[in-house]
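Topology and contacts: notes
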Amino acid sequence: MEPDSRTRWRCRRGMLENDWLLGQFLAQGYAQLDQEGRDAFERLLDYPDNVLLDVVMGRQTTVDNGIARLVPAIRAAAQAAPAP
(Lines give C-alpha, C1' and ligand atoms only; values in the text may rest on other atoms or scores of the structure.)
Protein backbone atom coordinates (compact mmCIF):
# COMPACT_ATOMS: atom_id res chain seq x y z
CA MET A 1 0.00 0.00 0.00
CA GLU A 2 1.33 3.41 -0.96
CA PRO A 3 1.41 6.22 1.62
CA ASP A 4 -1.42 8.72 1.49
CA SER A 5 -0.84 12.44 0.99
CA ARG A 6 -1.18 13.13 4.73
CA THR A 7 1.63 10.69 5.54
CA ARG A 8 3.81 12.13 2.78
CA TRP A 9 3.21 15.62 4.16
CA ARG A 10 4.10 14.51 7.70
CA CYS A 11 7.43 13.19 6.38
CA ARG A 12 8.44 16.72 5.42
CA ARG A 13 10.48 17.69 8.42
CA GLY A 14 12.50 20.63 9.68
CA MET A 15 15.75 18.68 9.35
CA LEU A 16 17.19 17.74 5.96
CA GLU A 17 18.47 14.44 7.36
CA ASN A 18 14.98 13.41 8.43
CA ASP A 19 13.49 14.51 5.09
CA TRP A 20 15.97 12.33 3.27
CA LEU A 21 15.68 9.28 5.56
CA LEU A 22 11.90 9.31 5.58
CA GLY A 23 11.69 10.03 1.86
CA GLN A 24 13.90 7.05 1.05
CA PHE A 25 11.77 4.83 3.24
CA LEU A 26 8.55 6.05 1.62
CA ALA A 27 10.01 5.27 -1.80
CA GLN A 28 11.52 1.89 -0.96
CA GLY A 29 9.96 0.34 2.12
CA TYR A 30 6.61 1.79 3.09
CA ALA A 31 4.60 -0.24 0.59
CA GLN A 32 5.70 -3.48 2.27
CA LEU A 33 4.35 -2.49 5.69
CA ASP A 34 1.29 -4.17 7.14
CA GLN A 35 -1.24 -2.15 9.13
CA GLU A 36 0.76 -2.57 12.35
CA GLY A 37 3.87 -1.25 10.61
CA ARG A 38 1.99 1.72 9.15
CA ASP A 39 0.61 2.53 12.60
CA ALA A 40 4.14 2.39 14.06
CA PHE A 41 5.39 4.69 11.29
CA GLU A 42 2.66 7.21 12.13
CA ARG A 43 3.73 7.09 15.80
CA LEU A 44 7.34 7.66 14.75
CA LEU A 45 6.23 10.76 12.85
CA ASP A 46 4.81 12.11 16.12
CA TYR A 47 8.36 12.32 17.53
CA PRO A 48 10.14 15.70 17.52
CA ASP A 49 12.77 15.96 14.79
CA ASN A 50 15.79 15.53 17.07
CA VAL A 51 14.33 12.47 18.79
CA LEU A 52 13.24 10.95 15.49
CA LEU A 53 16.74 11.28 14.05
CA ASP A 54 18.37 9.92 17.20
CA VAL A 55 16.07 6.88 17.22
CA VAL A 56 16.61 6.11 13.54
CA MET A 57 20.37 6.58 13.85
CA GLY A 58 20.52 4.34 16.92
CA ARG A 59 21.69 7.04 19.31
CA GLN A 60 18.51 6.68 21.35
CA THR A 61 16.22 3.74 22.00
CA THR A 62 12.46 3.66 22.10
CA VAL A 63 10.14 1.67 24.34
CA ASP A 64 7.69 1.36 21.42
CA ASN A 65 8.32 -2.14 20.04
CA GLY A 66 6.58 -1.34 16.75
CA ILE A 67 8.89 1.58 16.09
CA ALA A 68 11.91 -0.44 17.21
CA ARG A 69 11.02 -3.11 14.59
CA LEU A 70 10.58 -0.40 11.94
CA VAL A 71 13.92 1.36 12.44
CA PRO A 72 16.06 -1.30 10.66
CA ALA A 73 13.84 -1.02 7.57
CA ILE A 74 14.28 2.76 7.53
CA ARG A 75 18.05 2.36 7.83
CA ALA A 76 18.10 -0.27 5.08
CA ALA A 77 16.19 2.02 2.70
CA ALA A 78 18.68 4.81 3.40
CA GLN A 79 21.68 2.52 2.86
CA ALA A 80 20.27 1.30 -0.45
CA ALA A 81 20.03 4.84 -1.84
CA PRO A 82 22.80 7.19 -2.95
CA ALA A 83 23.59 9.86 -0.39
CA PRO A 84 22.25 13.35 -1.08
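Given the structure is predicted, the values throughout are model-derived calculations rather than measurements.

**A look at helix 4 (residues 49-57)**
- Within the span of helix 4, buried status applies to D49, L52, L53, V55 and V56. Projection of helix 4 onto a plane perpendicular to its axis shows the buried side chains occupying an angular sector of 165°, all on one side.
- Residues of helix 4 that are buried in the fold lie against helix 2 (16-28), helix 3 (35-45) and helix 5 (65-80).

**Overview of the pattern of salt bridges**
- Counted according to the given criterion, the structure contains eight salt bridges.
- Across the pair R6 and E42 runs a salt bridge whose closest N-O atoms are separated by 3.2 Å. Taken together, the positions of R6 in helix 1 (residues 5-10) and E42 in helix 3 put the pair 36 residues apart, joining distant regions of the chain.
- In this structure E42 comes out as buried when scored by relative accessible area, which is 17%.
- For E36, the salt bridge identified is with R69, shortest N-O distance 2.6 Å. Of this pair, E36 sits in helix 3 while R69 sits in helix 5, placing them 33 residues apart in sequence.
- With a relative accessible area of 49%, E36 lands in the partly exposed category.
- According to the relative accessible area criterion, R69 is exposed, its value standing at 53%.

**A few points about the side chain of E42**
- A distance of 3.2 Å separates polar atoms of two side chains, one belonging to E42 and the other to R6.
- A polar contact is formed between the side chain of E42 and the side chain of T7, at a distance of 2.6 Å.
- If sequence neighbours within four positions are ignored, E42 has contacts with R6, T7 and R10.

Rules and cut-offs
- Residues numbered from 1 in each chain as written.
- Predicted model: local features only at pLDDT ≥ 70, side-chain atom pairs only at ≥ 80, totals over all residues.
- Heavy atoms only, no water.
- Buried < 20%, exposed > 50% of the residue type's maximum accessible area, 1.4 Å probe, protein only.
- Helix = DSSP H or I, 4+ residues; strand = E, 2+ residues; numbered from the N terminus.
- Arc of directions from axis to C-beta.
- Contact = heavy atoms within 4.5 Å.
- Salt bridge = Lys/Arg side-chain N within 4 Å of Asp/Glu carboxyl O.
- Polar contact = N/O pair within 3.5 Å; in protein donor to acceptor, adjacent residues only side chain to side chain.

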